[in-house]
Amino acid sequence: MTARAMLEVAALAKTYESRDGATPAIADVSFTVAPGELVCLVGPSGCGKTTLLKCLAGLLAPSAGEVLLDGEAVRRPPPNMGFVPQDYSASMLPWLKVDSNVTFPLRHKGVAARRRAELAEETLRVVGLSEFARHYPWQLSGGMQQRVAIARALAYEPEILLMDEPFASVDAQTRGDLEDLLLDVWATYGVTTVFVTHDIDESVYLADRVIVLSRRPSTVQRTVPVDLPRPRDQITTKQLAEFARLRTDVMRTIKRAGGDESDLSPSGPHRVGASRERTEDRQ
Ligand SMILES: Nc1ncnc2c1ncn2[C@@H]1O[C@H](COP(=O)(O)OP(=O)(O)O)[C@@H](O)[C@H]1O
Ligand SMILES: [Mg+2]
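Residues numbered from 1 in each chain as written. Chains lettered and ligands numbered in written order. Predicted model: local features only at pLDDT ≥ 70, side-chain atom pairs only at ≥ 80, totals over all residues.

Engineer: If you had to explain the sheet that holds strand β6 (residues 81–84) to someone new, which residues and values would you point to?
Structural biologist: Strand order across the open sheet formed by 10 strands is β5-β4-β1-β2-β10-β9-β3-β8-β7-β6, with mixed pairing between neighbours. Looking at which strands have only one partner, the edges of the open sheet turn out to be β5 (72–73) and β6. In this structure, strand β2 (residues 21–33) lies alongside strand β10 (residues 218–225), joined through 2 bridges in parallel fashion. Along β10, the bridge assignment pairs I26 with S218. Lying over the sheet, helix α9 (residues 241–256) contacts β3 (38–42), β9 (209–213) and β10, oriented at roughly 160° with respect to β10. (Pairing = 2+ DSSP bridges. Helix = DSSP H or I, 4+ residues; strand = E, 2+ residues; numbered from the N terminus. Contact = placed C-beta atoms within 7 Å. Axes fitted to C-alpha atoms, helices over the stretch in contact; angles between N-to-C directions.)

The structure is reproduced here in structure tokens:
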């Protein structure tokens, strides 16, 4: 492990309590993320990935254990953290144009109007949407809206970016483009990234490290370091023998853990239950 952890998750557990009983979602999860690292969390649908991410983001209090960001316990959404939810359409404010959607959270951060405009311009350029700044989100395709969500997270100038299956509900071609866009952005801004997915290929393609979660209630099954060369490329990277070895490795780990493979797509388009959940709390 690299010298200093930016994010530290220590013996985290979360059980949802309700009148009908308790639902343990996370049993015991510990891991660290170094500054600038891109870590993917992969696990079957319903294993507790969104729950985990919400705990990391300070949106949900863990039942046990803790989350430390730069050595400090996370108890509310940290100001240096960006969040990209799975459901892009629910995260767009339909009455605001694209640029205002991007800058909306910055008002709460107290960023001056002039700086907000600069950030909207810059981040929309980075995601290739300069021409659409004055459109409404509903005039854009799903993949474009997801890019607006990325621009919005970047405009927040986060040091750490959390993404919850952000590309799960776009078509395979768009998904590949968005993965590459994310890698560009990550390389350009050097932003520490925690990316949740249930797609094994996606996790290996993006990550420095893949953390494989068990079925619910989740534990860390295994951590798989990914030393594939960067920059990565949808065609050449995925042709590498090492890529095949890594994806098999991750798949085996999940199988050994008793994971249901129907809930995990080895590749893009055929996936189950991807758009079932909502990210209610933020944006
Ligand atoms: N607000 C909630 N109240 C009660 N149970 C919940 C709540 N949110 C999620 N769960 C349950 O916790 C488990 C993990 O859910 P989730 O974190 O959304 O998994 P994933 O993101 O991996 O699909 C599921 O069994 C789900 O039904
Ligand atoms: Mg989820």
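Engineer: Tell me about the site of ligand 1, residues and numbers included.
Structural biologist: Near ligand 1 lie 13 residues; those nearest to it are Y16, A25, K49, T50 and T51. For the shell around ligand 1, the elements supplying multiple residues, two or more each, are β2 and α1 (49–56). Here the element with the most residues in the shell around ligand 1 is α1; it accounts for 3 residues. Of the residues in the shell around ligand 1, the class split is 3 nonpolar, 7 polar and 3 charged. (Near = placed C-beta within 6 Å. Nonpolar A, V, L, I, M, F, W, Y, C, P; charged D, E, K, R; others polar.)

Engineer: Residues and numbers for the packing of helix α3 (residues 98–109) against helix α5 (residues 142–155), please.
Structural biologist: α5 packs onto α3 with a crossing angle of 35° between their chain directions and a minimal axis gap of 8 Å. For α3 against α5, the interelement crossing comes out right-handed. Contact with α3, carried on its side by V98, N101, V102, T103, P105 and L106, involves V148, A151, R152 and A155 of α5 and no other residues of that element. Residue composition of the contact of α3 with α5, by class: 7 nonpolar, 2 polar and 1 charged. (Left-handed = near helix turned anticlockwise from the far one by under 90°.)

Engineer: Go over the packing of helix α4 (residues 113–126) against α5 with me, naming the residues and quoting the values.
Structural biologist: Pairs of packed helices are described in terms of their axes, by the angle between the two and the distance that separates them. For the pair α4 and α5, the least separation of the axes is 9 Å and the interaxial angle reads 135°. With respect to α5, the element α4 is oriented oblique. The two elements α4 and α5 cross, and the hand of that crossing is right-handed. Residues L119, A120, T123, L124 and V126 of α4 touch α5, and the partners they reach there are A151, L154 and A155. Broken down by class, the residue content of the contact of α4 with α5 amounts to 7 nonpolar, 1 polar and no charged. (Parallel < 35°, antiparallel > 145°, perpendicular 65-115°, else oblique.)

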